[in-house]
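Working through the structure, step by step
Below are the chains, spelled out letter by letter.
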Amino acid sequence: MQLVYEKEKRLRMMMKMHGLGDAAYWLVMYGWFFLLYAAYMIVLVVFGSAVGISTFRHNSYGIQFVLFFLFGNNMIAMAFLLSCFFTNSRTATLFAYMLVFSTGILGSLLLSQLINAGLWFTTIIEFIPSFSLYRGITELGEYATLGLLRGSNGMTVANLADSGNGMTGTWVILAAEWVIFMVAALYLEQVYASGTGNRRSPLFFLEWLPQLKQPRQARASDGLKLPTVSFAVPASPTKGSGVLQTLGLKAKDAATPIKTTGGGFMGLSTPAPSPVKRPASAGPAAALAGFS
């Protein structure tokens, strides 16, 4: 939602104008989302273990860490991917709530029965990340229940090789989707819905190949010979004046034409300025005569 909001309000474009690169933006946002998720999961596991929930207390914390770590990164990558298809933050928020509630209800009503039945297409359904998490929590719950009945621990590393244990498959699915979602998000953000408003070519990742580099288009000014413009520096009545000293000329060389290229307007030569003739003062009588 935050990603869509920044794109909707042009905040991403403003940050881009101030020099923020795409890599820095993605790294900061990814780190921020992961910190929020990590804080939430730490509180959940600690308080769940404190109140005596068997799923947390009787199973290996290492297995729980791997499951929640992979699922968190999977969700962040999926959020980046889905943000490319939304331009309104309210629509993105509504879609997110519908996705969470629908997958939760279907997981509790449907997926548990499919897992117990051992149907082959259950693994295909787990490619939806929420269902993968539900499969992992289901495995933890079943092993915790067996541990309570037997008076032993729940799921440990040794139990990952048990027949029917789907925890390893869940890890593989979450890890693979994490990479796929992130690569797809990076690609679509460049060619489909860039937050900066600049869409690149669908084959931008091949621009480093020499045969695919586009040659620079010829401009109208290429090969154009600029005209030569001549102008003369007016002579100064005072020898060694500031203007002549600046130009490095003497008073006798002041009227020598100087040639330069690229000056002037539309190829015209700049003429030397002509002296301005001022009429001699005729006194107040002549001034009054002009009004008669």
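Residues numbered from 1 in each chain as written. Predicted model: local features only at pLDDT ≥ 70, side-chain atom pairs only at ≥ 80, totals over all residues. Heavy atoms only, no water.

Details of the pattern of salt bridges
With the rule as written, the count across this model stands at 2 salt bridges. A salt bridge links arginine 135 to glutamate 126; the shortest N-O distance between them is 2.5 Å. Each member of the pair, arginine 135 as well as glutamate 126, is classed as buried. For the salt bridge of glutamate 139 with arginine 135, the shortest nitrogen-to-oxygen distance reads 2.9 Å. One end of the pair, glutamate 139, and the other, arginine 135, are both in helix α8 (residues 129–150), 4 residues apart, so they sit about a helical turn from each other. Summarising the burial analysis for this pair, glutamate 139 and arginine 135 share the class buried. (Salt bridge = Lys/Arg side-chain N within 4 Å of Asp/Glu carboxyl O. Buried < 20%, exposed > 50% of the residue type's maximum accessible area, 1.4 Å probe, protein only. Helix = DSSP H or I, 4+ residues; strand = E, 2+ residues; numbered from the N terminus.)

Thoughts on the packing of helix α3 (residues 22–50) against helix α5 (residues 61–83)
How two helices sit against one another is set out by the angle between their axes and by the gap between those axes. One way to put it is that α3 packs onto α5 with a least axis distance of 10 Å and a crossing angle of 145°. Crossing handedness for the pair α3 and α5: right-handed. Contacts between α3 and α5 involve Trp26, Met29, Tyr30, Phe33, Phe34, Tyr37, Met41, Val45 and Ser49 on the former and, on the latter, Tyr61, Gln64, Phe68, Phe69, Phe71, Gly72, Asn73, Ile76 and Phe80. Each residue belonging to the contact of α3 with α5 can be placed in one class, and the counts come to 14 nonpolar, 4 polar and no charged. (Axes fitted to C-alpha atoms, helices over the stretch in contact; angles between N-to-C directions. Left-handed = near helix turned anticlockwise from the far one by under 90°. Contact = heavy atoms within 4.5 Å. Nonpolar A, V, L, I, M, F, W, Y, C, P; charged D, E, K, R; others polar.)

What about the environment of arginine 135?
Relative accessible area serves as the criterion here: at 11%, arginine 135 is assigned to the buried category. In this structure, the C-alpha to C-alpha distance between arginine 135 and threonine 123, residues 12 residues apart in sequence, is 9.5 Å. Setting aside residues no more than four positions away along its own chain, arginine 135 makes contact with Leu111, Ile115, Thr122, Glu126, Gly164, Gly166 and Thr170. A polar side-chain atom of arginine 135 sits 2.5 Å from a polar atom in the side chain of glutamate 126. (Polar contact = N/O pair within 3.5 Å; in protein donor to acceptor, adjacent residues only side chain to side chain.)

Here's the deal with the packing of α8 against helix α9 (residues 167–191)
At a minimum axis separation of 9 Å, α8 and α9 run at an interaxial angle of 155°. With respect to α9, the element α8 is oriented roughly antiparallel. Crossing hand, α8 versus α9: left-handed. Together, Pro129, Ser132, Arg135, Gly136, Glu139 and Leu140 of α8 and Met167, Thr170, Ile173, Leu174, Glu177 and Phe181 of α9 make up the contact between the two elements. For the contact of α8 with α9, the per-class residue count stands at 6 nonpolar, 3 polar and 3 charged. (Parallel < 35°, antiparallel > 145°, perpendicular 65-115°, else oblique.)

Description of the confidence of the model for the protein chain
Averaged over all residues, the pLDDT of the protein chain is 76; the fraction at 70 or higher stands at 67%. The least confident element of the protein chain is helix α11 (residues 283–289), whose mean pLDDT is 47; the most confident is α5, at 93. A low-confidence stretch, residues 249–269 (pLDDT under 50), is modelled with 36 contacts involving residues beyond four sequence positions or located in other chains. In the predicted structure, residues 284–292 sits below a pLDDT of 50 and forms 0 contacts with residues beyond four places in sequence or in another chain. (pLDDT = per-residue confidence, 0-100.)

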